[in-house]
Amino acid sequence: QEQLVESGGGSVQPGGSLRLSCEASISDFRLLVMDWYRQEPGNQRHLVASIDRYGSTHYVDSVRGRFTISRDNTKNTVYLQMNSLKSDDTAVYYCKANGLSVGTMYWGKGTLVTVSS
């Protein structure tokens with residue numbers, strides 16, 4: 001059964017760093033586009049960063065230059081390194097795998113990141 005498990009969330013002061021991990025129990029992980037989404041309090045979930053099978057990355061403007069998405073196909077894991085964190089980055093962060101079949105996707109249960117002094 002396909003499963004995504006996020007870890008690494010927690011509380012940090014502004015300017016601090018966290019690294020999120022998402023371990024996937026999905027066959028052909030290396031071929032999948034992997035996304036990190038987040039949902040701030042009172043807002044809808046939205047895309048933060050993506051990485052494709054070739055290692056090409058995409059970031060939303062609000063995190064570009066501060067966040068780095070990466071993957072380790074030997075561990076079926078995608079990471080989100082978050083630096084220079086701001087209070088606006090407070091959210092539940094979700095990992096999403098885009099399956100090889102059109103319309104197929106898998107979500108993790110999320111990990112909470114709180115940025116506060």
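Now for a look at the structure at hand.

The rules behind the values
Residues numbered from 1 in each chain as written. Predicted model: local features only at pLDDT ≥ 70, side-chain atom pairs only at ≥ 80, totals over all residues. Heavy atoms only, no water. Helix = DSSP H or I, 4+ residues; strand = E, 2+ residues; numbered from the N terminus. Disulfide = S-S within 2.5 Å. Buried < 20%, exposed > 50% of the residue type's maximum accessible area, 1.4 Å probe, protein only. Contact = heavy atoms within 4.5 Å. Polar contact = N/O pair within 3.5 Å; in protein donor to acceptor, adjacent residues only side chain to side chain. Phe/Tyr/Trp six-rings, centres within 6.5 Å; stacked < 30°, edge-to-face > 60°. Salt bridge = Lys/Arg side-chain N within 4 Å of Asp/Glu carboxyl O.

### Some details on unusual backbone geometry
A positive phi angle is found at Asp28, which is not glycine, with a value near 60°. In this structure, Asp28 sits in the loop between strand 3 (18–25) and strand 4 (33–39).

### Regarding the state of the cysteines
For the structure shown, the criterion picks out 1 disulfide. Disulfide partner of Cys22: Cys95, at an S-S distance of 2.1 Å. Here the disulfide of Cys22 and Cys95 is left-handed, its torsion about the S-S bond being about -80°. A residue pair is termed long-range when its members are at least 10 positions apart, and Cys22 in strand 3 and Cys95 in strand 9 (residues 91–98) qualify at 73 residues.

### Digging into the environment of Glu6
Checked against the element boundaries, Glu6 lands in strand 1 (residues 3–7). In this structure Glu6 comes out as buried when scored by relative accessible area, which is 10%. For Glu6 and Lys75, which are 69 residues apart along the polypeptide, the C-alpha to C-alpha distance reads 14 Å. If we skip the residues at most four places from it in the chain, Glu6 touches Ser21, Cys22, Trp36, Tyr93, Tyr94, Cys95, Gly108, Lys109, Gly110 and Thr111. Here the side chain of Glu6 touches Lys109 through a polar contact of 3.1 Å, landing on its backbone nitrogen. At a separation of 2.9 Å, a polar atom in the side chain of Glu6 contacts the main-chain amide nitrogen of Gly110.

### Digging into the packing of aromatic side chains
Counting across every chain of the model gives 2 aromatic pairs. Arranged with centres 4.9 Å apart and planes meeting at 70°, the rings of Tyr37 and Trp107 form a pair that is edge-to-face. One end of the pair, Tyr37, is in strand 4; the other, Trp107, is in strand 10 (residues 105–107), and 70 residues separate them in sequence. We classify Tyr37 as buried; its relative accessible area is 17%.

### What to know about the pattern of salt bridges
Tallied over the full model, the rule gives 5 salt bridges. Here Arg66 ties to Asp89 by a salt bridge, and the two come within 2.8 Å at their closest N and O atoms. Taken together, the positions of Arg66 in the loop between strand 6 (57–59) and strand 7 (67–72) and Asp89 in the loop between strand 8 (77–82) and strand 9 put the pair 23 residues apart, joining distant regions of the chain. Classification of Arg66 as buried rests on a relative accessible area of 11%. Residue class for Asp89 comes out buried when judged on its relative accessible area of 1%. Three or more residues joined by partner-sharing salt bridges are found here, namely Arg38, Glu40, Arg66 and Asp89.

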